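Given next are the chains, with one letter for each unit.
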Amino acid sequence: MKAAVVIFPGSNRERDMARALKRASGVAPAMVWHADTELPPGTDLVVLPGGFSYGDYLRCGAIAARSKIMDAVRAHAGRGGLVLGVCNGFQILCEAQLLPGVLARNAQLKFICRRQHLKVERNDTAFTHRYRAGQVIDVCVAHGEGNWTADAETAARVEGEGLVAFRYCDAAGVVSPQTNCNGSINSIAGVYSEKLNVLGMMPHPENLIDDLVGGSDGLGLFESLATRRAA
Ligand SMILES: NC(=O)CC[C@H](N)C(=O)O
């Protein structure tokens, strides 16, 4: 798998992401600067990492979504290429309109940083085939603006077309307002594009790839990508 991780001014999870990709695939990703205009030839997967791109000015991800490299990312996604955005990367993908909805401020108006259970909605995608459908995984969240919001029609389409990737839940997999850590519609923690080749998610799978440092439930996502099957 040839992966490329994009670095924006203010990204801070790019090295965690590179480590996770290398651990799962054996190959270090290319690191691409936001002002570049092209992705390395043969790139299969583009990753937009978490962080505080452009200091979260205007709205989280709004400025990064308009940076030069995003034209190449848009073209890659248009060809059916895989794109993963985590946390700030998810915000950038929504701001670039590569994914539906937006990430608004957390309902409690506070930055949250903690462990969180997630339910894997489906496992027939390039990102999740190493998990079981309905599997509960234990990862972590760290964001101030993770409240996935959309107009009623868009939210209904995302649900109806099976574009929900993950939901916040408890350890038993129960999804309820109590387990919805940030107020997202229907506890949505991650969404796919229509063709399932773009995934955005708020939690950080790249930080849970090693039992020695807290757990490895995030590794399945990178192993799925490294051994990808067509969605
Ligand atoms: N960890 C992150 O990527 C944070 C994303 C964004 N800056 C927020 O606070 O919501």
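Note that the coordinates shown come from a computational prediction; the quantities given were computed from them, not determined experimentally.

Criteria and thresholds
Residues numbered from 1 in each chain as written. Predicted model: local features only at pLDDT ≥ 70, side-chain atom pairs only at ≥ 80, totals over all residues. Heavy atoms only, no water. UniProt positions renumbered as here; feature names shortened; annotations may be inferred. Buried < 20%, exposed > 50% of the residue type's maximum accessible area, 1.4 Å probe, protein only. Contact = heavy atoms within 4.5 Å. Helix = DSSP H or I, 4+ residues; strand = E, 2+ residues; numbered from the N terminus. Pairing = 2+ DSSP bridges. Axes fitted to C-alpha atoms, helices over the stretch in contact; angles between N-to-C directions. Core = buried A, V, L, I, M, F, W, Y, C linked by side-chain atoms within 4.5 Å. Near = heavy atom within 4 Å. Polar contact = N/O pair within 3.5 Å; in protein donor to acceptor, adjacent residues only side chain to side chain. Areas by Shrake-Rupley, 256 points an atom, 1.4 Å probe, with all protein chains shown as cover. Right-handed = clockwise from strand over helix to strand, strands pointing away. Parallel < 35°, antiparallel > 145°, perpendicular 65-115°, else oblique. Left-handed = near helix turned anticlockwise from the far one by under 90°. Phe/Tyr/Trp six-rings, centres within 6.5 Å; stacked < 30°, edge-to-face > 60°.

### Overview of the UniProt feature "active site" (unreviewed entry) in the chain
Consideration 1: Following the UniProt record, one finds the feature "active site" (unreviewed entry) at Cys-87, His-204 and Glu-206. Their sequence span is 120 residues, while the largest C-alpha to C-alpha distance among them is just 10.9 Å; these annotated residues converge on one region.
Consideration 2: Classification of Cys-87 as buried rests on a relative accessible area of 5%.
Consideration 3: Residues in contact with Cys-87, not counting those within four places in the same chain, are Gly-50, Ala-142, His-143, Met-201, Met-202 and His-204.
Consideration 4: Take His-204: it is sitting in the loop between strand S11 (198-201) and helix H5 (219-226).

### Observations concerning the sheet that holds strand S10 (residues 188-192)
Consideration 1: Read from one edge of the open sheet, nine strands run S2-S1-S3-S4-S11-S10-S9-S6-S7, paired in mixed fashion. Strand pairing shows two members of the sheet lacking a second neighbour, strand S2 (30-33) and strand S7 (136-143), which therefore form its edges. Mean inter-strand twist for the sheet, computed between neighbouring axes without regard to direction, equals 25°.
Consideration 2: Relative to strand S3 (residues 45-48), strand S1 (residues 3-7) is paired through three bridges, and the arrangement is parallel. Looking across to S3, one finds that Val-5 is bridged to Val-47.
Consideration 3: Running over the sheet, H5 touches S3, strand S4 (82-86), strand S9 (164-169) and S11 and is turned about 165° from S4.

### Thoughts on the nonpolar core
Consideration 1: Among the nonpolar cores identified, the biggest contains 69 residues, and Leu-84, Trp-148, Phe-166, Leu-199 and Leu-221 are the most heavily contacted of them.
Consideration 2: Sorting elements by how many residues they give to this core places helix H2 (residues 69-78) first, with five residues.

### Quick notes on unusual backbone geometry
Consideration 1: We note that Asn-186 has phi near 50°; this positive angle belongs to a residue other than glycine.
Consideration 2: Structurally, Asn-186 can be placed in the loop between S9 and S10.
Consideration 3: Exposure remark for Asn-186: the relative accessible area of 41% places this residue in the partly exposed category.
Consideration 4: Although it is not a glycine, Ser-187 sits at a positive phi angle of roughly 60°.

### A word on the site of the ligand
Consideration 1: The immediate surroundings of the ligand are formed by 14 residues, with Gly-51, Asp-56, Cys-87, Ala-142 and Glu-145 found nearest.
Consideration 2: At 2.7 Å from an oxygen atom of the ligand is found a main-chain nitrogen or oxygen belonging to Gly-51.
Consideration 3: Within the side chain of Asp-56, an N or O atom sits 2.7 Å from a nitrogen atom of the ligand.
Consideration 4: Protein contacts shield 98% of the accessible area of the ligand, which totals 300 Å² for the unbound molecule.

### Re the environment of Gln-91
Consideration 1: When you line up the elements, Gln-91 lands in helix H3 (residues 88-95).
Consideration 2: Considering only alpha carbons, one finds Gln-91 and Trp-148, 57 residues apart in sequence, at a separation of 9.4 Å.
Consideration 3: A polar contact of 2.6 Å, which involves the side chain of Gln-91, links it to the backbone oxygen of Glu-145.

### Considerations on the pairing of S3
Consideration 1: On S3, burial covers both faces: Leu-45 and Val-47 on one face and Val-46 and Leu-48 on the other are all buried.
Consideration 2: Looking at chain direction, S3 and S4 are connected through four bridges and run parallel. Across the sheet, Leu-48 pairs through a bridge with Gly-85, a residue of S4.
Consideration 3: Regarding topology, H2 serves as the crossover connection from S3 to the parallel S4, and that connection is right-handed.

### Re the packing of helix H1 (residues 14-25) against H5
Consideration 1: Taken N-terminus to C-terminus, the directions of H1 and H5 make an angle of 60°; their axes are 8 Å apart at the nearest point. Considered as vectors, H1 and H5 are oriented oblique to each other. Here the hand of the crossing between H1 and H5 comes out right-handed. Residues Met-17, Ala-20, Leu-21, Arg-23, Ala-24 and Ser-25 of H1 lie in contact with H5, whose contacting residues are Leu-219, Phe-222, Glu-223 and Ala-226.

### Some words on the packing of aromatic side chains
Consideration 1: Taken as a whole and assessed by the stated rule, the structure comprises two aromatic pairs.
Consideration 2: With centroids separated by 6.3 Å and ring planes inclined at 20°, the aromatic side chains of Phe-52 and Phe-111 adopt a geometry described as stacked. Of this pair, Phe-52 sits in the loop between S3 and H2 while Phe-111 sits in the loop between strand S5 (102-104) and strand S6 (112-120); the two residues are 59 residues apart in sequence, bridging distant segments of the chain.
Consideration 3: Taking relative accessible area as the criterion, Phe-111 reaches 45% and is therefore assigned partly exposed.
Consideration 4: Aromatic pair Phe-127 and Tyr-192: ring centres 6.1 Å apart, planes at 45°, arrangement tilted. Residue Phe-127 is located in the loop between S6 and S7, and its partner Tyr-192 is located in strand S10; the two are separated by 65 residues in the primary sequence.
Consideration 5: A residue is classified by how much of its surface remains accessible, and Phe-127, at 0% relative accessible area, is buried.

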